[in-house]
Amino acid sequence: MSRQKASLADEVVSIGAFRLLASQRLLVKGEETVKLGSRALDILIALADRPGEVVSQKDLIAKVWPNLFVEDANVRFHVAALRKALECDGTRYLATASGRGYSLVAPVSRSMVERAPEPTPPTSPLPPALARMVGRDKDVRDICKILLSQGFVTTVGAGGVGKTTVARSVAHALLDEFLGAVRFVELSPVDSPQLLAATVASAFGLRVQAHDPVPDLIARLRGKRALLVLDNCEHLIAEAAALSQRLFRGAPGLYILATSRESLRTDSEHVYRLQPLSSPPEDRNLTAAEALEYSAVQLFVDRMANAGVEDVLSDEDAQIVGEMCRQLGGVALAIEFAAGRVAAYGIRDTASRLNSRFALLWSGRRTAAPRQRTLNATLDWSYNLLSESERAVLRRLSVFAGEFTLQSARMVVGGSLEAAEVDEAFAGLVVKFLVSADLAGAPARYRLLETTRAYADGKLRGAGEWAATRRAHALHYYERLRAAARTDVASEFSASATDLDDIRTALRWAFEDGGDPLLGADIAAYSAPVWLSKGLLLDCRTWMAKAAAACIGADGATTEQQLRIQSALASAEQFTSGLTKETADALSRTLEHAESLGDLSTQFSSYLVLWGGQMRAHLSADALRSAERCAALASGTQDPGTIAMAEWMLGRSKHHAARFEESRDHLLRYLELDTEAARLGGVKATGYDRRADALISLASSLRALGQFDKSRSRAEQAIAAAQSIGLPVPLIVTRASLLTNTYLLEPDPGVVERDAGELLEQTRIHAVHKDSGYALCILGLSQARRGEFDAGARLVTEGLRTLKKETLDIFVCAQLCEAAIGVGRLIDAAHWMPELETSDQNKEHWCSAEILRVRGVLAAAQGNRSDAEKYMLQASQLAHCQSALLWELRSTMNLSRLWAGQHREREALINLQAVYGRFSEGHWAADLVQAKRLIDELKAQSAAQVA
């Protein structure tokens, strides 16, 4: 668009100390042009046409905003800006007529000024307007507003983020505002500082004849209103800053928009940070429609279509595209390169190649500037502008896999650099957007985009610094983890959560060829609480197994180190696949060594881990012996925390041995002795919450004793305790363990199935396989119990495969056997009974009486009343000896039904009433509801017989 010609005679309106040239849209005071927004200037022109009169807001809107609906507040805003510009020395220029409008009250006179015609400037040298721009409309509007208000704006951002795109759009948006006087100067081809001023002067049609063309350019621009866009200033940053400052001060009508990867750092500029395009958050349930609300995804899909991929984005693909956009940091140029590859590779394959060095070579538009044809070229452009220390720091930062702090950067990348050099170089990388900063938290955290990391890694290898920097990185995280082991557990968990990727990276390097396996073992030993606390059991098992292998026969391996590794490995195995023989043997060797040295702490820790494995393997007698050994050791220490631990172990062991009253007493003593510090220390060591576990066992013992209200209360306390830790595994284990309570006591099967289903989802997320097996079992049992036997049996079978011979297996098999009997599937019931016959070797475990009862129920269903009565009586007697009132009630109900079928209703009634009468609470529970119903039926039958 050609610049609009001015008339050879201009009207000048003198308003007090100001002169208004409406045809040139200039307001001048003395020799200085007053910077005023376009709307405020229009309001002044309208008021100057009617000096001394009150001009209504309606008339002003019609004049300034023709054919638009505008709120009165808009008028007030621009009048306030106009008043601020005019009344800067205290002189009154504008008056407000309340409810009516505004008037110009300063003296006003008019005159005509002749001026010589200027040569017509060349056609405005703007690059063509963009056909489509994605996600930057607000940025363009904001920059236009700030530019017209402040006069000098520098748009800064990462390479490829879209600075040039935005600058071009701003230039075209303001063409009318500046009557075509907009000049766009692309500086990337200007490779010499000496050519900068001449290039800018030429853009304004000035023949460069002097060594310094700036004075002539200022003279040309003085008294005129124009916009200069300086694009890509970073390689001439100092010269661009000096030139911009001279022009801005010397030509008051000149507005300047610069773009650069860092600010010009002049005292006149307003810095506008161009943020990356918005990417969707990590969300497994994100739909395509939701993903397309984010500008990064919009651009990706738009560029896919440009490359000939017209497929509709599916929900599954939208999640992959969203992840790619996050990895690319919302950088527009990188997104365009990746989207352009979809036509060749497809979305999934493009995503898999994204973090490789080959992605740096993906090309874009052939018409793009050389520095923007590949990511590698873009990063080369930035890298070559860095100082030597900035290059060294950037290369070495590539070893960080995730976010890092400045302190971590100092420790890892220093090498031959002084601390002050590292800090200065690091700051330079941040302001140049090569390092992304998140300043919201304390301390601030930083990261490299994936593409920048891949590029810098190549430079690191090329400089021969890779091995040394990797070792420095691994040593840093070893020191951090070791220090964290001595701090408060809660702060350790929160601090380490953001470092998981870097801990993995350090371990991976240590255990690879050329690494340092013993350093890896040290890192693994101190990282165990991180994996366990976050529920990352597979990570824990993998790294501890590698560490344990590295310690075999190694001279530098210590007993403390091995115990940490073996304890963590045992914990991870117990929650996933079960304690292996190799781990148990290694712990036994550690225990023997500790005993020979008289090391009580190591002995206690070893016994604790072995006991946990024995409990999981339902070796009740072995577990009780280990607990008793720990109790003996604890009594010798007089340490309340150690004694509390032993009480917990005894309470758990005796619960499994069906010594419910003793179990209750041990667990209550544990809860009295346990402290919050000891509890957190236990979670730190094993990822397991002993208080929640103690409350679970206490709830189970109270349930067996028939104290259902107290059992429910303790179960609620267990859930609250596990939730208070804020870690996934303790809560999963707690909810899984309490499913037995829910299944046995809850009258509503819907509640049982809801709890089991929710738990199943959580166990799958965190790979807590055994508890997922139990969730499947309870879900299946509930379905089978309400008549859907086939579906329920399939779930139970799958669950038992995961449980692998837990004590819960026996309980589950018994319940499924009874459910089969309930729907008349005696062949299926007989199929499940051998599982009980072979698995139920210990007649004194927590549900032995229940197993005997189910045998009696099956015998009765098969017509063998003699065996049925024998098993039911044995179950009732065993339960009575164990004080297991719940099991006694259940066997007594079955026996009463058997006797009622033999016309022994009165005997059945007396027997059942005697047991039912010993319950003092919990009459809401399912079995007590059934017992009351059966008592009423037996009473009615007895009364009928008497009648």
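For clarity, every value in this text was computed on a predicted model and none was experimentally measured.

*Asks:* Help me understand the overall build of the protein, please; the structure alone is not making it clear to me.
*Replies:* Looking only at helices and strands, the protein features 45 helices and 15 strands. A buried classification covers 54% of the 947 residues belonging to the protein. Counting contacts in the protein only where the partners sit at least 6 residues apart, residues at least 24 apart contribute 67% of the total. Carbon and sulfur atoms make up 51% of the accessible area of the protein, which totals about 40900 Å².

*Asks:* Would you take a moment to explain the nonpolar core for this structure?
*Replies:* Where a protein is soluble and globular, its nonpolar side chains tend to be buried together. Membership of the largest hydrophobic core comes to 138 residues, with the highest contact counts inside it found for Leu397, Phe404, Ile523, Met544 and Trp887. Ignoring anything within four residues of it in the chain, the contact list for Met544 reads Ala524, Ser527, Ala528, Trp531, Ile565, Ala568 and Leu569. Ala203, Ala241, Leu243 and Leu254 belong to the second-largest nonpolar core, a separate cluster that totals 31 residues.

*Asks:* Explain the sheet that holds strand β13 (residues 270-273) here, please?
*Replies:* Backbone hydrogen bonds hold the strands of a sheet together, and the pairing may be parallel or antiparallel. The strand order across the open sheet built from five strands is β10-β11-β12-β9-β13, with neighbouring strands paired in parallel fashion. Both outer strands of the open sheet, β10 (182-186) and β13, are each paired with one neighbouring strand and no more. Going across the sheet, the axis of each strand differs from the next one's by a mean of 15 degrees, ignoring polarity.

*Asks:* Could you clarify how one ought to interpret unusual backbone geometry in this entry?
*Replies:* Backbone geometry at Ala658 places phi at a positive 65 degrees, although glycine is not the residue there. Within the element layout of this structure, Ala658 appears in the loop between α29 (640-656) and α30 (660-673). Despite not being glycine, His903 has its phi angle at roughly 65 degrees, a positive value. With respect to the element layout, His903 can be found in the loop between α43 (885-900) and α44 (905-916). His903 gets classed as exposed once you look at its relative accessible area, which sits at 65%.

*Asks:* Would you explain helix α34 (residues 728-737) in this entry?
*Replies:* What sets the pattern is the α-helix's 3.6 residues per turn: residues three or four places apart point alike. Within α34, seven of the 10 residues are buried, which leaves it mostly tucked inside the rest of the structure. For α34, every residue scored as buried is listed here: Pro728, Val729, Pro730, Ile732, Val733, Thr734 and Ala736.

*Asks:* So what exactly am I meant to see when it comes to the pairing of strand β11 (residues 226-231) here?
*Replies:* Among the six residues in β11, six count as buried, and that is most of the element. Side chains of β11 alternate between two faces, with Ala226, Leu228 and Leu230 and Leu227, Val229 and Asp231 buried alike. With five bridges joining them, β10 and β11 adopt parallel strand pairing. Among the inter-strand pairings, Val182 is bridged to a residue of β11, identified as Leu227.

*Asks:* Can you help me understand the packing of aromatic side chains in this one?
*Replies:* Aromatic ring pairs are reported here in terms of the distance separating the ring centres and the angle at which the planes meet. Scanning all chains against the criterion turns up 16 aromatic pairs. Relative to Tyr446, the ring of Phe426 has its centre 4.8 Å away and its plane inclined at 85 degrees; by these criteria the two rings are edge-to-face. Note that Phe426 is positioned in helix α18 (residues 419-431) and Tyr446 in strand β15 (residues 445-447), a separation of 20 residues in sequence. Assigned by exposure class, Phe426 and Tyr446 land together as buried. Put simply, the rings of Phe400, Phe404, Phe426, Tyr446 and Tyr477 pair up and form one aromatic cluster. The lysine or arginine in question, Arg225, covers the ring of Phe178, its NZ or CZ lying 4.7 Å from the ring centre.

*Asks:* What should I look at first to understand the packing of α29 against helix α32 (residues 690-704) in this one?
*Replies:* Axes are the key here: two packed helices are described by the angle between their axes and the distance separating the axes. The interhelical angle for the contact between α29 and α32, taken along N-to-C directions, is 35 degrees, at an axis separation of 10 Å. α29 and α32 meet at a crossing whose hand is left-handed. Every residue of α32 that contacts α29 at Met645, Trp648, Arg652 and His655 is listed here: Arg690, Asp693, Ala694, Ser697, Ser700 and Ser701. Looking at the contact of α29 with α32 residue by residue, the classes come out as three nonpolar, four polar and three charged.

*Asks:* What should I look at first to understand the pairing of strand β12 (residues 254-260) in this one?
*Replies:* The side chains of a regular strand alternate between the sheet's two faces. Across the seven residues that make up β12, a large majority, seven, are buried. In β12, alternate side chains face the same way, and those of Leu254, Ile256, Ala258 and Ser260 on one face and Tyr255, Leu257 and Thr259 on the other are all buried. Two elements, strand β9 (residues 152-156) and β12, share five bridges in a ladder whose sense is parallel. By the bridge assignment, Thr155 is partnered in β12 with Thr259. In this sheet, β12 lies alongside β11 in parallel orientation, the contact comprising five bridges. In the strand pairing of β12, Leu227 is matched with Tyr255.

*Asks:* Teacher, can you tell me more about the environment of Val422 here?
*Replies:* Mapped onto the elements of the fold, Val422 is located in helix α18. Discounting residues that sit within four places of it in the chain, Val422 has contacts with Val393, Arg410, Val413, Gly414 and Leu417.

*Asks:* Sorry, what's going on with the pattern of salt bridges here?
*Replies:* Close approach of charged atoms lets side chains of opposite charge pair. A full pass over the atoms with the stated rule returns 52 salt bridges. Where salt bridges share partners, they join Glu818, Glu850, Arg853, Arg890 and Asp927 into one cluster.

*Asks:* Sorry, what's going on with the environment of Ala242 here?
*Replies:* Here Ala242 shows up in helix α8 (residues 237-250). Taking the C-alpha atoms as reference points, Ala242 and Arg265, separated by 23 residues in sequence, lie 9.7 Å from one another.

*Asks:* What should I look at first to understand the sheet that holds strand β7 (residues 101-104) in this one?
*Replies:* The three strands lie next to each other as β5-β7-β6, forming an open sheet whose pairing is antiparallel. Each having just a single partner strand, β5 (55-56) and β6 (94-97) make up the two edges of the open sheet. One ladder, built from four bridges, connects β6 with β7; its direction is antiparallel. Looking at β7, one finds that Ala97 is bridged to Gly101. Sheet strands in contact with helix α1 (residues 38-48) are β5, β6 and β7, and its direction is about 70 degrees off that of β7.

*Asks:* Please explain the environment of Pro443 as it appears in this structure.
*Replies:* In this structure, Pro443 sits in the loop between β14 (436-438) and β15. For Pro443, a relative accessible area of 54% translates into the label exposed. Separated by 38 residues in the primary sequence, Pro443 and Thr405 have C-alpha atoms spaced 6.8 Å apart.

*Asks:* Which parts of the structure should I look at to understand the side chain of Thr155?
*Replies:* In this fold, Thr155 is placed in strand β9. Accessibility expressed as a relative area gives 1% for Thr155, which makes it buried. Filtering out sequence-adjacent residues up to four positions away, Thr155 remains in contact with Ile143, Lys163, Leu257, Ala258, Thr259, Ser260, Tyr272 and Leu274.

*Asks:* What exactly am I supposed to notice about the packing of helix α16 (residues 388-397) against helix α19 (residues 450-462) here?
*Replies:* Two numbers describe how α16 lies on α19: the axes approach to 7 Å, and their chain directions differ by 110 degrees. Taken together, the axes of α16 and α19 are roughly perpendicular relative to one another. Of the residues in α19, those touching α16 at Leu394, Arg395 and Arg396 are Thr452, Ala456, Lys459 and Leu460. Of the residues in the contact of α16 with α19, the class split is three nonpolar, one polar and three charged.

*Asks:* Can you walk me through the confidence of the model for the protein in this structure?
*Replies:* Low pLDDT marks stretches whose predicted atomic positions should not be read closely. Overall, the prediction assigns the protein a mean pLDDT of 82, with 86% of residues at 70 or greater. Per-element mean pLDDT across the protein ranges from 45 in helix α21 (residues 489-496) up to 95 in α43.

About the thresholds
- Residues numbered from 1 in each chain as written.
- Predicted model: local features only at pLDDT ≥ 70, side-chain atom pairs only at ≥ 80, totals over all residues.
- Heavy atoms only, no water.
- Helix = DSSP H or I, 4+ residues; strand = E, 2+ residues; numbered from the N terminus.
- Buried < 20%, exposed > 50% of the residue type's maximum accessible area, 1.4 Å probe, protein only.
- Contact = heavy atoms within 4.5 Å.
- Areas by Shrake-Rupley, 256 points an atom, 1.4 Å probe, with all protein chains shown as cover.
- Core = buried A, V, L, I, M, F, W, Y, C linked by side-chain atoms within 4.5 Å.
- Pairing = 2+ DSSP bridges.
- Axes fitted to C-alpha atoms, helices over the stretch in contact; angles between N-to-C directions.
- Phe/Tyr/Trp six-rings, centres within 6.5 Å; stacked < 30°, edge-to-face > 60°.
- Lys NZ or Arg CZ within 6 Å of the ring centre and 35° of its normal.
- Left-handed = near helix turned anticlockwise from the far one by under 90°.
- Nonpolar A, V, L, I, M, F, W, Y, C, P; charged D, E, K, R; others polar.
- Salt bridge = Lys/Arg side-chain N within 4 Å of Asp/Glu carboxyl O.
- Parallel < 35°, antiparallel > 145°, perpendicular 65-115°, else oblique.
- pLDDT = per-residue confidence, 0-100.

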